[in-house]
Amino acid sequence: MHCPQCEAGDTTTIVIKLRGDDSVSFFQCRRCEAKWWQHGGDTIALDEVLNLTAEAETKVR
Ligand SMILES: [Zn+2]
């Protein structure tokens, strides 16, 4: 994964599992500290991440 801001290839990735095989990925660039999220191959906003994770937690309980 390359940083969309500085093009560095040095990024940290954290995958958060949702229900089923679904997951969201969090990326942070180690060079410029840009942060972004992806879901299903698309970059998404933090609002959408919170919606997805809230939904997953509701299903687990
Ligand atoms: Zn960067």
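Described below are features of the structure shown in this document.

Calculation rules
- Residues numbered from 1 in each chain as written.
- Predicted model: local features only at pLDDT ≥ 70, side-chain atom pairs only at ≥ 80, totals over all residues.
- Pairing = 2+ DSSP bridges.
- Helix = DSSP H or I, 4+ residues; strand = E, 2+ residues; numbered from the N terminus.

Two elements, strand S2 (residues 23–29) and strand S3 (residues 35–39), share five bridges in a ladder whose sense is antiparallel. Residue valine 24 lies in a different strand from S3, and its bridge partner there is histidine 39. Where S3 meets strand S4 (residues 42–44), three bridges bridge the pair, whose relative direction is antiparallel. In the strand pairing of S4, glutamine 38 is matched with threonine 43. Linkage of S3 to S4, two consecutive antiparallel strands, is achieved through a turn of two residues, within which glycine 40 is found at a positive phi near 60°.

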